[in-house]
Amino acid sequence: MKLTYFGHSCFGIEINGLHLVFDPFISGNPLAAHIDLKQVNADYILISHGHEDHVLDAEIIAKRTGAKLISNFEIINWFLSKGLENGHSMNHGGKFSFDFGTVQYVNAVHSSSMPDGSYGGNPGGFVITPKESRSSFYYAGDTALTYDMKLIGEQETIDFALLPIGDNYTMGVDDAIRAAEFVGTSKIVGLHYNTFPPIQIETEKAVARFSETGKMLLLPQIGDTIDF
Ligand code: NI
Ligand code: MN
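Residues numbered from 1 in each chain as written. Chains lettered and ligands numbered in written order. Predicted model: local features only at pLDDT ≥ 70, side-chain atom pairs only at ≥ 80, totals over all residues. Heavy atoms only, no water.

(A) Geometry of the overall build of the protein. Counting its secondary structure elements, the protein contains six helices and 14 strands. Since a compact globule built from 228 residues should have a radius of gyration of about 17 Å, the 16 Å found for the protein is in line with a globular shape. Over its C-alpha atoms, taken along the principal directions, the protein stretches across nearly 50 × 35 × 35 Å. By the burial criterion, 53% of the 228 residues in the protein qualify as buried. In the protein, of all internal contacts separated by at least 6 residues, the share reaching a separation of at least 24 is 59%. (Helix = DSSP H or I, 4+ residues; strand = E, 2+ residues; numbered from the N terminus. Rg over C-alpha atoms; globule rule 2.2 N^0.38 Å. Buried < 20%, exposed > 50% of the residue type's maximum accessible area, 1.4 Å probe, protein only. Contact = heavy atoms within 4.5 Å.)

Set out below in structure tokens:
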């Protein structure tokens, strides 16, 4: 698996030649100005919740690539009402098998409204189990630390987790460390930090805090690709 970071909470993952993009927010992020939106490959676009910093570029990428959107019922209906045709709606706790593997939409503690103010259902995260793999990865979306994460750790073997670490709107570093413990992984990719002033963090301190608890916090540069 290859993971490319596109800034904020957006990244692409290539699984068996299929491209998944999570929470596309590139054109609105000055830190990602060097990313060419037209070069972003997508067969699937997974959206955790309705906030603009997670959905902004979903429509433009989906229209260019024909990618299938995967999100909650309300968010998929919102995109369908805007003229997109390829969507798959889920709700919390549900699993579905796609050609790249299985997706479970799991709980997040946050809010979810669409950029135009309409109702965006309840926010979520995703547990992805690639085809023919016994282990999974967890994308938390925007969320507080919640005991529900323990269920994920009990039910799945999580190889790595993508967790928000920027605080203020989501978990900060210390709660993200506990979240990693709850889901049972020591390999974390940090998201949702430094994009806006309220989520500015000291990244070296964050890496050191994770390291003190025996965990590795990966903070790829925007545009970098890492292998898993
Ligand atoms: Ni949000
Ligand atoms: Mn957000």
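What follows continues from the structure just given.
(B) A look at the nonpolar core. Counting residues in hydrophobic clusters, the biggest one holds 72 residues, and the most contacted among them are F100, Y138 and L163. At seven residues, the largest contribution of residues to this core is made by helix 5 (residues 173-183). (Core = buried A, V, L, I, M, F, W, Y, C linked by side-chain atoms within 4.5 Å.)

(C) Up close: the sheet that holds strand 7 (residues 95-98). As summarised here, the arrangement of the seven strands in space is 7-8-9-10-11-12-13, forming an open sheet in which the pairing is mixed. Across the chains shown, the open sheet's two edge strands, defined by having one partner strand only, are strand 7 and strand 13 (216-218). On average, each strand axis in the sheet is inclined to that of its neighbour by 20°, with strand direction left out of account. Looking at chain direction, strand 12 (residues 187-191) and strand 13 are connected through three bridges and run parallel. Considered in strand 13, the bridge of V189 is made with L218. Each of strand 10 (136-139), strand 11 (158-164) and strand 12 is contacted by helix 5, which is oriented at about 155° to strand 11, the strand it contacts most. (Pairing = 2+ DSSP bridges. Axes fitted to C-alpha atoms, helices over the stretch in contact; angles between N-to-C directions.)

(D) Quick look at the coordination of the manganese ion (ligand 2). Around the manganese ion (ligand 2), the protein contributes the donor atoms D53 (OD), H54 (NE2), D142 (OD) and H192 (NE2), at 2.2 Å from the metal centre. Linear spacing of the donor residues for the manganese ion (ligand 2) on their chain is D-H-x87-D-x49-H. A separation of 3.1 Å is found between the manganese ion (ligand 2) and the nickel ion (ligand 1), which share D142 as a coordinating residue. As far as burial versus exposure is concerned, D53 and H54 are alike and both buried. (Donors = N, O, S within 2.8 Å, 3.2 Å for Na, K, Ca; no water.)

(E) Broad picture of the pairing of strand 6 (residues 87-90). Of the two faces of strand 6, the one holding H88 and M90 is buried and the one holding G87 and S89 is not buried anywhere. Here strand 5 (residues 68-72) pairs with strand 6 via four bridges, running parallel. Paired with S71 across the strands is S89, a residue of strand 6. Of the crossover connections in this fold, the one passing from strand 5 over helix 3 (residues 73-81) to the parallel strand 6 is right-handed. (Right-handed = clockwise from strand over helix to strand, strands pointing away.)

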